[in-house]
Amino acid sequence: MRSAVLQPTLLFPSKFLKSSSFYSAKRSQLQPSFILSPRYTMSMSMSISSAQQTENCSESSTIQQKIQMPDKPQIPIYPISLSPPLPSISKEVELSRAMTASSKSSLFILSRNDVIFEDEWLIVVNKPQGIYCESVLSSVPRLLEESTDLDPLGDPARVQEFHLANRLDRDTSGVMVITKSHKVAAKLVKAFTDHMVRKTYIALCIGLAPNWDRIRIKSGHGRSKYGAWRVYAASDVGRTLPGGSLVRDMETVFELLSVNGHGHIRKVVEVREDVDKVIVAEEKSLTATDQRDEILVRAFPRSGRTHQIRLHCQYLSMPIKGDVKYEGVYEWKGEKCEGHALHAESLSFEHPVTGLSVLFEAPLPSWATKAFHPLSRGNLKQVSE
């Protein structure tokens with residue numbers, strides 16, 4: 001069998017190629033295995049070219065995949081707040097109140113008349129309106145040092161162990177608990193976090209008189225893209241907001257105490273589960289009306305969200321008097337409001353050391369007692385549930 005090795009330079013010496021007769025005579029003997037025909041050569045050339053193109057395309061595709069721009073990110077859809085925008089007057093009024101509170105707080109001195117309860121581990125005080133919590137806390141060491149019925153604080157390091165167990169807004173008055181050691185603070189903070197502390201507030205609202213005696217409202221709570229606290233739909237709980245935080249659940253029970261001076265205040269007891277109405281917020285705030293009644297309510301916050309009661313009162317079309325940030329009136333009966341009419345009435349919890357159930361109540365402020373007609377004031381705190 002003839003060899004199939006393709007070596008054209010050895011098979012065809014130049015002397016043979018010069019003789020056309022030899023070339024013609026031997027042409028029939030030359031097999032394709034010895035000479036690459038033009039068609040075969042073209043075929044191989046096309047195959048090689050095709051392979052090169054395929055390889056080039058593969059490399060080009062790989063490079064394109066590497067340098068291909070990522071897909072345009074989808075614009076996230078955030079929950080829409082159910083609360084209206086901040087009133088235009090709120091910024092100016094809030095700045096003025098903050099400056100006034102700073103001046104008052106720098107001069108504030110806690111007195112024994114402000115103390116509701118004290119033992120070895122806790123001191124419970126009645127915070128005045130328009131005073132920052134930090135100023136109350138910084139006044140405690142001086143109060144204890146001047147006390148005659150307690151041993152003076154000889155160890156300066158002990159002053160650093162005072163902690164605020166709960167915080168109140170600048171213009172909110174009422175019960176505030178201060179712990180005297182790190183261990184007690186940790187236990188009490190956990191109790192607040194686990195919703196083991198029961199709280200009641202008194203609020204004087206101006207708006208449409210409600211048609212209920214007890215109501216429960218559930219909604220979402222979170223910050224808008226401008227940083228303000230807002231009410232969100234209950235169905236939005238768990239969704240992400242522009243700042244990266246989540247919408248959290250918020251629930252409050254309200255009890256109607258009086259309307260335009262008619263009514264009575266009941267003793268502080270455990271919140272009843274029975275209510276006349278349940279509102280699950282899913283739509284915009286209830287439409288406000290021109291009707292302005294004086295409404296005194298007690299609030300039982302079941303969750304501890306920032307500005308919770310203030311936000312829910314606004315949603316119910318009865319914003320708190322003086323709470324200009326949440327559509328409350330700035331002037332009422334010819335007088336300007338120095339702050340919002342919200343009072344932390346009571347706190348009840350299990351004592352972090354003794355384990356006993358304790359209930360601390362702060363005296364009602366003057367605006368709360370004046371909300372009743374003279375005939376009704378004699379019955380304050382006399383009616384049971």
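So, a few notes on the structure that sits alongside this text. (Residues numbered from 1 in each chain as written. Predicted model: local features only at pLDDT ≥ 70, side-chain atom pairs only at ≥ 80, totals over all residues. Heavy atoms only, no water.)

1. So, the overall build of the protein chain
Scanning the protein chain from terminus to terminus reveals 10 helices and 15 strands. In the protein chain, buried positions account for 41% of the 385 residues. Intrachain contacts of the protein chain at a sequence separation of at least 6 include 73% that bridge at least 24 residues. Roughly 22700 Å² of accessible area belongs to the protein chain as shown, and the carbon and sulfur atoms make up 54% of that amount. (Helix = DSSP H or I, 4+ residues; strand = E, 2+ residues; numbered from the N terminus. Buried < 20%, exposed > 50% of the residue type's maximum accessible area, 1.4 Å probe, protein only. Contact = heavy atoms within 4.5 Å. Areas by Shrake-Rupley, 256 points an atom, 1.4 Å probe, with all protein chains shown as cover.)

2. Some points on the side chain of His351
Note that His351 resides in the loop between β14 (342-350) and β15 (357-361). Relative accessible area serves as the criterion here: at 4%, His351 is assigned to the buried category. Among the polar contacts listed, one links the side chain of His351 to the side chain of Asp119, at a separation of 2.8 Å. Among the polar contacts made by the side chain of His351, one reaches the main-chain amide nitrogen of Thr354 at a distance of 3.2 Å. In contact with His351, not counting residues within four places along its chain, are Asp119, Trp121, Leu122, Leu356 and Val358. (Polar contact = N/O pair within 3.5 Å; in protein donor to acceptor, adjacent residues only side chain to side chain.)

3. Quick look at the packing of aromatic side chains
What characterises a pair of aromatic rings is the spacing of the ring centres plus the angle enclosed by the ring planes. As enumerated under the stated definition, the model contains 2 aromatic pairs in all. When the ring of Phe117 is compared with that of Phe360, the centres are 4.9 Å apart and the planes differ by 35 degrees; the resulting orientation is tilted. Here Phe117 is found in strand β1 (residues 115-118), whereas its partner Phe360 is found in strand β15, with 243 residues between them in sequence. Here a set of aromatic residues connected by ring pairs shows up, and it is made of Phe117, Phe349 and Phe360. (Phe/Tyr/Trp six-rings, centres within 6.5 Å; stacked < 30°, edge-to-face > 60°.)

4. Focus on the environment of Thr200
Mapped onto the elements, Thr200 comes out in strand β5 (residues 198-207). Judged by its relative accessible area of 4%, Thr200 is buried. Put simply, Thr200 and Leu347 are 147 residues apart on the chain and 6.8 Å apart in space, counted from C-alpha to C-alpha. Not counting chain neighbours up to four residues away, the residues in contact with Thr200 comprise Val268, Arg298, Ala299, Phe300, His343, Ala344, Glu345 and Ser346. A distance of 2.5 Å separates the side chain of Thr200 from the side chain of Ser346, its partner in a polar contact.

5. Quick word on the pairing of strand β11 (residues 293-301)
With respect to burial, β11 is a largely interior element, 9 of its 9 residues being buried. Side chains of β11 alternate between two faces, with Asp293, Ile295, Val297, Ala299 and Pro301 and Glu294, Leu296, Arg298 and Phe300 buried alike. In this structure, β5 lies alongside β11, joined through 7 bridges in antiparallel fashion. Bridge assignment links Cys205 to a residue of β11, and that residue is Ile295. (Pairing = 2+ DSSP bridges.)

6. Here we look at the pairing of strand β7 (residues 229-232)
The side chains of a regular strand alternate between the sheet's two faces. Side chains Trp229 and Val231 of β7 all project onto a buried face; the interleaved residues Arg230 and Tyr232 project onto the opposite face, where all are buried too. As paired elements, strand β6 (residues 214-223) and β7 share 4 bridges and run antiparallel to each other. Its bridge partner being in β7, Gly222 is matched across the sheet by Arg230. The turn linking β6 back onto β7 is made up of 5 residues, and Gly227 within it adopts a positive phi angle of 90 degrees.

7. Regarding the side chain of His307
One can find His307 in the loop between β11 and α8 (308-315). Those residues within four positions of His307 in sequence are excluded, and the remaining contacts are Asp169, Trp229, Lys325 and Tyr326.

8. Thoughts on the nonpolar core
The biggest cluster of nonpolar side chains holds 55 residues, and the ones touching the most others in it are Phe254 and Met318. Counting 15 residues, the second-largest nonpolar core is a separate cluster that includes Ala165, Val177, Phe192 and Val358. (Core = buried A, V, L, I, M, F, W, Y, C linked by side-chain atoms within 4.5 Å.)

9. Some details on the environment of Trp121
The residue Trp121 is located in the loop between β1 and β2 (122-127) in this model. Taking the C-alpha atoms as reference points, Trp121 and Lys183, 62 residues apart in sequence, are found 9.7 Å from one another. Discounting chain neighbours no more than four positions away, the residues touching Trp121 are Ile178, Thr179, Lys180, Val184, His351, Val353 and Thr354.

10. Let's talk about α8
Most of α8 is tucked away: 8 of the 8 residues are buried. Ser317 occupies a position one or two residues after α8 and carries a positive phi of about 65 degrees.

11. Some thoughts on the pattern of salt bridges
Within the structure shown, the criterion is met by 15 salt bridges. The residue Arg112 makes a salt bridge to Glu118 at a minimum N-O spacing of 2.8 Å. Note on Arg112: relative accessible area 35%, which makes it partly exposed. (Salt bridge = Lys/Arg side-chain N within 4 Å of Asp/Glu carboxyl O.)

12. Considerations on the state of the cysteines
Inspection of the entire model under this criterion finds 0 disulfides. Considering cysteine sulfurs only, Cys313 is the nearest to Cys205, which forms no disulfide, with 3.8 Å between them. Since its relative accessible area comes to 0%, Cys313 is described here as buried. (Disulfide = S-S within 2.5 Å.)

13. Considerations on unusual backbone geometry
Located in the positive-phi region is Asn260, a residue other than glycine, with phi close to 55 degrees. Its place among the elements puts Asn260 in the loop between β8 (248-259) and β9 (262-263). With a relative accessible area of 36%, Asn260 lands in the partly exposed category. Even without glycine at this site, Ser317 takes up a positive phi of about 65 degrees. Position of Ser317 relative to the elements: it lies in the loop between α8 and β12 (331-332).

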